[in-house]
Structures are given as C-alpha cells and as structure tokens.
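The lines below spell out each chain.
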Amino acid sequence: MSGMRSITLGHYLPGNSLLHRLDPRAKLVGLLILIAALFLIRTFSGFFYFGLFFLIAFISSRLPWRYFLRGLKPVLYIVIFTLILHFLFTKGGRVFWRFGVLTIEENGVYLGSFMTLRLILLVVTTLLVTLTTSPIAFADGIEFLLRPLRIFRVPGHEIAMMMTIALRFIPTLMEESDKIRKAQMARGADFESGNIFRRARNLVPLLVPLFVSAFRRADDLAVAMESRCYRGGENRTKMRQRQITGLDYLGVFTACGIALAIVLTGV
Amino acid sequence: MNSPIIETIQLSYDYSLDGEKEIRALDNLSLKICEGEYLCLIGPNGSGKSTLARHLNALLLPAAGDVYVDGLLTALEENRWEIRRRVGLVFQNPDNQIVATTVEEDVAFGLENLGIAPPIILQRVAEALELVGLKSLAQHAPHLLSGGQKQRLAIAGVLAMRPRCLVLDEPTAMLDPRGRREVLATIRMLNRQERVTVVHITHFMEETLEADRIIVLDRGRIACSGSPAEIFSGKLDLEALGMDMPPIPALAMALREGGLAVPQGILHVDQLVEFLC
Amino acid sequence: MLIETRDLSFTYMPGTPFQVEALQSVNMTVARGEFIGIIGETGSGKSTLVQHFNGLLKPTGGEIRVEGKNIWAGEINLRTLRSRIAMLFQFPEHQLFEETVFNDVSFGPRNLGLSGSELTERVRFGLESMGLDFDTYRDRSPFQLSGGEKRRVAMAGILAMRPQVVVLDEPTAGMDPAGRRQFLEQVKRLHREEGLTVILVTHNMEEIALLAEKLFVFNRGKLVLQGSPAEVFKSAAVIRDTGLEIPALSELLQRLSEQGKKVRTDLFSVEEAAAEILQLVREDRS
C-alpha cells in the first residue's frame, strides 16, 4: 500500500454546494467568460470587484480554505517569478530603489502588481472550478466545449478520453514510480546526492523502467478497450446524460453580467 | 453437452519477436467450446494460451484456419463488434483494463461504445454490479479497490454487455488468497446460475478442479484434454508438460502407488476424508 | 539476532485525513541462516514491514535493529545495509533498465564501488546462481528476454551484491508451475549451500509450508501468529480469519485427526502425508 494512492490530480472535493451542482458545461463556459473579462480589465478597481465576486463564490462553495490554499502552492513560484521579472526589468517613471545596475522603477511596480493580481485571480477562479467539478464531469465539459471545433478536425471526444485515462492512471503510475524508486534504492541507487547533472543521470534507472511500464500499460489498455468494442466517439452514448437546467442558464448569465459590469466600469 | 458456441478449425498463428524469425504460437489447433461449458486452459508460458484467448473475440485474426463464434466468422470485419459483445475478455492485470475514474462509469464503458440508450445502460450497470457484489462501491475510484474487487469490476464491465462467453486470461495471477476466492466464486456463479460459457486460463492447478473440461496446451497444440479427474488421474506426465499435480490428487496417486485402492476421480479434501474414514 | 524489530510501527501520511496505520507495534526477530516466510493478505502490512529491514522506510514508532544496531541511529550506512540485506520487489523484471544483461546485473555491485574483474565475477556469480549462463546472456538486451528469464536476471542483480539476507516479495507471482519450481529450487540451493538468509513474502501457502522454517502471519498491521509451519497452520481458525488458507494436505490431516484417526498433522509434502496415511491404514487393518 502506498501513501500516495489517495492523491489525485485536480484535488476534486465532492460536495453539494451551488457550484458543485452546476453542469460542467455551464461552469466551463462561465469560466471562459470570466477569464476573458480578466484580460479586459484595465484598472485595479476592476480587480477589486472581481475579487469580491470570487470571494462570494468561494464562500458559497464551502471549500475548506486551507485545502484551497494548498492547491495554490504549485503556482506560487510562477507568481513570484512574474513579480520579480517586472519589478527588475520594466522601466519608466520614478526610481524607487537602486543597487548597482539594478533599479526598481514606478512602471515596473505598477505593471508587476497588475500582472500578478491578474495571474492570481486567474488561478484561483480556475481552481475553484476544478475543485468543485469531478474529473469525469470536467472531461465531459471539455468534450462539449470542443465540439464546435470539429469542423477544424479537432478530435474533441479523443481529447476528453485522453484526459479521463490520464486521470485514471496518474495514481497508478505514482505508485509504480514509488516502487521502482525503492527497488533501485535497494540496489544501492542514490537519488538524493550529487550536483544537478549527476542527479539527472542518476534518474535513468528510475525513468527507463517507468516509461517501459507506461508503454506496457498503454498497450494493455488499448487491447482491453478494443475488446470492449471501443471505436472512437462515433455513435457512442453516455450513461449519464447531463441535463442543462434553469440553474445552469442562471449561472452562465450571472457570469456574463458580472464580467460585463466589471469590464464596463473598469476599462 | 450442447452445441458449440465457439469453434476453431485448424487455427494457426505466427508472431515475430523483434521483426526477425517467426514463432508459431498456435499450430493447427482445432477446438470446440460448448454452450454453458466451464473450460480451463492450462499450459506453460508461451504455449499459446493468451494467443488463443485473443482469437476468441477477434482481437487477433488467424494466419491460417478459421474461428467461429456463435456461427460468426471472426475474420469478417462486419462481424467484429458483435463477436466482441458476445465474447468478453478479462485480462491478468486488473489495473490495465479499467478505463474510467469511477466504478460505475467503467462498467458502462462497453455499453456506451455499443451506443445503447442511457436508461438501459443504467439498468444493466446496476445489474452487473449487483451480480459481482460491487453495488455499494458504484461511485468509488477504481484505484482504491482491492485486487479482487478490481478483477470483479473488470468482469462486471464485460457482463454488462450480456456476453454469451467469458474468457478470463489468468484473472487471479496477481491476487491474494481472498481476492482469488472472490473471483473464482464469481466465475463459478456466472457459469452455474447465469449459464455463461467460461474459458478460464490459469497457472494454478487447484483452480481447474471445478471445470467441466481441462485442455493442456503445449507449443501451440492441444497436448491433452479431459475432465479434471482424467487430467489429474496420474496417468499423464504433467511435469513434462511444465504443469503440476494439485496436492489432493497427487496424494491420492501416491496412496494408490502405496497399495491403497483409492478410487479414481478424487480431487477434493472432502472426498479423500470420506474415503479414508 | 540478525534482524530485530522492537515495537515497530508505521503510519502512512500521519496527520492527514488519509492516515493509515500500516504496522502496529511489531516485535520479531530473524536469525542468521533462517528461511523465513511472511504471510498475510494484501494490505496486511507485510510489504511495509520488509521495507523496514533495509531502511527503505523509516519507522514512525519503535525501532529496527540489525546485528544489534539501530539502523536509524546513524551508526549504519544505509547503502551498505541495502547491499547486505537485499530486496527483490514484486514483478522485479519491471525494474530492468540497462542495455545489456551484464550492465543491469552489475548495477548493484557498481553502486558498491566495484569494477574490473571483481565486478565481472560478481555478475557471473549472480547469473549462474540463477541458472543463466554468463557468456550466453551477458550481452543480450534484458528487454528481449522471456518473462521468466527477465525475472531471473533481476534476481541475479540482487545476488551480485553478495547479500547475507535476501527479502523476496512474491517472487513467483504470475509464473507457470515449472518456472515457479525452478526459481524456488535456486533459492533453496542458495539457502542451503551459501548459507543465505531468506525472507520470503508470499500468498502461496503450499509453497511456504514446504520451504520455510519459521512463519510470521500478519493481519491488519499486526503480527498475529509466529512459529514453525506446523505450529502456525495448526491454528486453522486464525489463519482463515486473516483471509488466508491452510495447505490442502494440512486440512486433510487435520480433518482425519478430528475424525479420531491418529495421524500427525504437521506434514506438508505429498510423500510424507502418503507415508503417514498408509501407516495409519496398515495399523487399522492389523
């Protein structure tokens, strides 16, 4: 038994809040509208109103805030990196701080804060959707959204199927990598010391078996799927037909309204 | 026995390792599997068991000879999907045959592929989960199930398609004793109560004792076939075929050699206890 | 004592909602040269336990001692320890990664700093211990071998470290009867001739009853039974309670004994059981 088995991607947390109950398609359409709004906002007050709306949505979702913050950790570095980049390299306006060739100037601080805020709001809004949408519903939503792109030969069903399979196999492969790591450590492999190049080379005994195993699993799975009559998305039905309800229209409508209001007042 | 549900006629198949020399996996193999039969296939690794299994639902097509399923020729493309619906395969590694992220969605997978109407899918999924005893776990994530549960899930996924024949390729190889008991009980119940024809491939001789017939494969041919009592009578040199005697028949044979008149056909502990007491 | 655990406990992901107590206060010892069997269901803690023997897991409670030294007290180099108490994981053929059999088998000894003729000798020893001819196999790709060969190459890679103890986790899973027989023959020979201490984790009761001198039975993270196979399988009720089975021959002899027949119930081979029953029948007749 591996301790990692309970971790899944997206960290979906089941629940029964309004956000949980919304149809994934409505949620994804709403999310797209809100993201578009984020990119149109030009003032800090716009971000403030957006943040307020997010906060209301977050509270209504009844997600534990600690859990939510933990989901933010991976993007923290990107946010900090953006901030530093702008602070140091965007020039113009008053000079706040100087050290040798390095300066922090007014425009940099302004743009840096602006971009960082936008990034943070983008991430938290998306996270709110992924945390309240089960992976399978999410894949369904993506498939729906990609449907109009079929005329450009975008394989919506296949992309959704790939997402589902990836989600299904991430815990399995994590367990596997844990096992292979231990098996090689039992043969004296060292994954922890040495400089970065040495460490990278030391990963070979882990990565080769992991890839071989992933391919073997993919092969097995392909045969198993074929054996169960899988032949792509054509003529395929779905056990759970998702019903768009009044609530979903209301959800999308609200997202539209709020986006419009914020953008119009904040441009 | 009833009429054959699957028939292979002089079936041969070659495969090549790293694109070089061809290896004959199945060699002129003719076999009839009867409706409602519980057939066990045994034989050493590389004897052609899995290759044969994959011919039974048109995952592989013969290099020579024919395979008929319910009268349908597997080589014809238009028969393929109907054959795969009628003959379901369960594989050795439970992890590598589960597609979806919940138990229920995985059982539905095959039915969705067949384009069956959603209300019927729901009903059949519920039935299949009930049969294999996983109803209470319908919403669970598959990676949190035990090995035995995963294999029963794989069986349910096939059952939901209402197959006439279930082909299981070493379904218990990766399970612990409890998982093995669960899966074997499920297979037996499906054969006896639901009248599903079963082809069960295994390396565990004890698992074959309940079969109607055992076929021993060796280098792509049928080395011998018969009821468990015949196969384990001690008259065949199973060791030369890379196989084993299960402990009770082996003991019965040793007792016979020691001069005790143990009747033929003793396979289980109960039978031997009864004879000795 | 070679290996000793004292109140060994291990909890996965402590302090989270996913917390699992995989081992609870386990006390056991393994002496040099023993052939040990560890049995229990999947999830009973047996795999977690054996990963403590060579320091792959660090106990969350209690301690683990090797030759009297607490392995986590800093006195023992863990990498050296792992070459002395070597471990073969389940489906070990999945850990092969080198281009040639030689390179793969030599991975362990190379990590110990060996090279040249000494390294070659180690690889030869490993391969030939598993019945694989050195010259035939050394330059072949491990990925082109048959399943049974791959597994023996993986085992050779463990043996090439010249360990004192091998821990084998389900080493025969998925093998055919002949393959199982052969593999276990080699292990038995190494135990007998090289004095190797063997710790075998298995689900196969018939096999372990014949092989092991001492069994440890685990259930839900606890050590529930220990002793010789005869002692352990006498407690049929406890064994069944843990989800395991008792060997068919033991079951038969126990049933005969319950019926009032005077038979020994501690026999596990067909030959011994047959001799015992023939003896009984002869006595009955006279």
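Before reading further, recall that the structure is shown in the block above.
About the cut-offs
Residues numbered from 1 in each chain as written. Chains lettered and ligands numbered in written order. Predicted model: local features only at pLDDT ≥ 70, side-chain atom pairs only at ≥ 80, totals over all residues. Heavy atoms only, no water. Axes fitted to C-alpha atoms, helices over the stretch in contact; angles between N-to-C directions. Helix = DSSP H or I, 4+ residues; strand = E, 2+ residues; numbered from the N terminus. Left-handed = near helix turned anticlockwise from the far one by under 90°. Contact = heavy atoms within 4.5 Å. Nonpolar A, V, L, I, M, F, W, Y, C, P; charged D, E, K, R; others polar. Buried < 20%, exposed > 50% of the residue type's maximum accessible area, 1.4 Å probe, protein only. Pairing = 2+ DSSP bridges. Buried area = accessible area lost by both parts, 1.4 Å probe. Salt bridge = Lys/Arg side-chain N within 4 Å of Asp/Glu carboxyl O. Polar contact = N/O pair within 3.5 Å; in protein donor to acceptor, adjacent residues only side chain to side chain. Arc of directions from axis to C-beta. Disulfide = S-S within 2.5 Å. Phe/Tyr/Trp six-rings, centres within 6.5 Å; stacked < 30°, edge-to-face > 60°. Patch = residues over 30% accessible without salt bridge, like charges linked within 9 Å, V, L, I, M, F, W, Y side chains within 5 Å. Areas by Shrake-Rupley, 256 points an atom, 1.4 Å probe, with all protein chains shown as cover.

Attention now moves to the packing of helix H3 (residues 103-113) of chain B against helix H5 (residues 147-159) of chain B. Residue and element names in this part refer to chain B. Two elements in contact, H3 and H5, have axes separated by 7 Å at closest approach and are oriented at 40 degrees. Crossing geometry of H3 relative to H5 is assigned as right-handed. Residues Val103, Asp106 and Val107 of H3 touch H5, and the partners they reach there are Leu153, Ala156 and Gly157. Looking at side-chain class alone, the contact of H3 with H5 contains four nonpolar, one polar and one charged residues.

The next point concerns the pairing of strand E6 (residues 85-88) of chain C. All names here are of chain C. The alternating pattern of E6 places Ile85 and Met87 on one face and Ala86 and Leu88 on the opposite face, and all of these are buried. Two elements, E6 and strand E7 (residues 165-169), share four bridges in a ladder whose sense is parallel. From the neighbouring strand, Met87 faces E7, where its bridge partner is Val167.

The interface is formed by 34 residues belonging to chain C together with 32 residues belonging to chain B. Taking both partners together, chain C and chain B bury about 2900 Å²; carbon and sulfur atoms supply 62% of that area. Between Arg181(C) and Asp244(B) there is a salt bridge; the shortest N-O distance is 2.6 Å. Put simply, chain C and chain B have ten residue pairs in polar contact (both at pLDDT 80 or more) between them.

All names here are of chain A. Running from N to C, helix H2 (residues 24-40) and helix H6 (residues 135-146) point in directions that differ by 65 degrees, and their axes come no closer than 8 Å. Pair H2 / H6 crosses with right-handed handedness. In contact with Pro24, Arg25, Leu28, Val29 and Leu32 of H2, H6 contributes Ala137, Phe138, Gly141, Ile142, Phe144 and Leu145.

By a frequent convention, interface size equals the accessible area lost on bringing the separate parts together. Taken residue by residue, the interface counts 30 residues in chain A and 40 residues in chain B. Both sides of the chain A and chain B interface together cover about 3300 Å² of buried area, and 56% of this is carbon and sulfur. Among the residues chain A hides against chain B, the three largest losses belong to Arg168(A), Arg228(A) and Met239(A). Together they make up 28% of the total. In this structure, Glu104(B) engages Arg240(A) in a salt bridge whose closest nitrogen and oxygen atoms are separated by 2.6 Å. Run the count over chain A and chain B and you get 15 residue pairs in polar contact (both at pLDDT 80 or more). For the side of chain A that touches chain B, the elements supplying multiple residues, two or more each, are helix H7 (156-185) and helix H9 (204-227) of chain A. A per-class count over the side of chain A that touches chain B returns 13 nonpolar, seven polar and ten charged.

This part is about helix H9 (residues 269-276) of chain B. By the burial criterion, the buried members of H9(B) are Val269(B), Leu272(B), Val273(B) and Leu276(B). Taken around the axis of H9(B), the buried residues stretch over an arc of 100 degrees, which confines them to a single face. Next to the buried residues of H9(B) lie helix H8 (247-257) of chain B together with helix H12 (248-258) and helix H13 (270-285) of chain C.

Here we take up the pairing of strand E7 (residues 165-169) of chain B. Residues and elements named next belong to chain B. Burial within E7 is extensive, with five of its five residues counted as buried. Burial along E7 is two-sided: Cys165, Val167 and Asp169 facing one way and Leu166 and Leu168 facing the other are all buried. Summarising the sheet, strand E6 (residues 87-90) and E7 pair through four bridges and their orientation is parallel. The residue bridging Leu89 from the neighbouring strand is Val167, located in E7. Taken together, the five bridges between E7 and strand E8 (residues 197-201) define a ladder with parallel strand orientation. By the bridge assignment, Asp169 is partnered in E8 with Ile201.

Right, let's get into unusual backbone geometry. Residues and elements named next belong to chain C. Of note in the backbone geometry, Met13 takes a positive phi value of approximately 45 degrees without being a glycine. Tracing the chain through its elements places Met13 in the loop between strand E1 (3-12) and strand E2 (20-30). Its identity as a non-glycine residue notwithstanding, Phe91 has a phi of 45 degrees, on the positive side. Turning to its location among the elements, Phe91 is positioned in the loop between E6 and helix H3 (101-105). The exposure class of Phe91 is buried, given its relative accessible area of 12%.

Put plainly, a disulfide is one covalent bond tying together the sulfur atoms of two cysteines. Residues and elements named next belong to chain B. Per the counting criterion, the structure on display carries zero disulfides over all chains. In this model Cys34 remains outside any disulfide bridge; the closest cysteine sulfur is found in Cys165, 11 Å from its own. Judged by its relative accessible area of 14%, Cys34 falls in the buried class.

Bringing H12(C) into the picture now. Note that an α-helix has 3.6 residues per turn; residues three or four places apart therefore point the same way. Of all the residues in H12(C), the buried ones are Ala248(C), Leu249(C), Ser250(C), Leu252(C), Leu253(C), Gln254(C) and Leu256(C). Elements in contact with the buried residues of H12(C): H8 and H9 of chain B together with helix H9 (205-211), helix H10 (229-234), helix H11 (236-241) and H13 of chain C. Following H12(C) by one or two positions, Gly260(C) adopts a phi angle in the positive range, close to 95 degrees.

Here we take up the sheet that holds strand E3 (residues 35-40) of chain C. Residue and element names in this part refer to chain C. On the basis of which strands lie adjacent, the open sheet formed by six strands has the order E6-E7-E8-E3-E9-E10 and mixed pairing. The sheet is open, and its two borders are formed by E6 and strand E10 (222-227), each paired with just one other strand. For this sheet the average axis-to-axis angle between neighbouring strands, irrespective of direction, equals 20 degrees. Relative to strand E8 (residues 197-202), E3 is paired through five bridges, and the arrangement is parallel. Bridge pairing links Ile38 to Val201 in E8.

So, on to the packing of aromatic side chains. All names here are of chain A. The full count for this structure, using the stated rule, is 14 aromatic pairs over all chains. Ring centres of Phe47 and Phe114 lie 4.8 Å apart, and the angle between their planes is 50 degrees; this geometry places the pair in the tilted category. One end of the pair, Phe47, is in helix H3 (residues 44-61); the other, Phe114, is in helix H5 (residues 106-131), and 67 residues separate them in sequence. Among the residues examined, Phe114 registers a relative accessible area of 7% and is labelled buried.

What follows is about the pattern of salt bridges. Taken as a whole, this structure holds 50 salt bridges over all chains when the rule is applied. For Arg168(A), the salt bridge goes to Asp95(B), with nearest N and O atoms at 3.8 Å. Remark: Asp95(B) occurs in the loop between E6 and H3 and Arg168(A) occurs in helix H7; the pair is interchain, linking two chains. Asp95(B) shares its class with Arg168(A); the two are buried. The closest approach of N and O atoms between Asp14(B) and Arg24(B), which form a salt bridge, is 2.8 Å. Of this pair, Asp14(B) sits in strand E1 (residues 4-16) while Arg24(B) sits in strand E2 (residues 22-34), and the two are ten residues apart along the sequence. On the accessibility criterion, Asp14(B) (23% relative accessible area) is partly exposed.

The next subject is a nonpolar patch on the surface. Residue and element names in this part refer to chain A. Taken together, the side chains of Phe44, Tyr110, Leu111, Met115 and Leu117 make up a nonpolar region of the molecular surface, amounting to roughly 390 Å² of accessible area. The dominant element in the nonpolar patch, judged by the number of residues it contributes, is H5, at four residues. As for its position among the elements, Phe44 is in helix H3. Exposure remark for Phe44: the relative accessible area of 33% places this residue in the partly exposed category.

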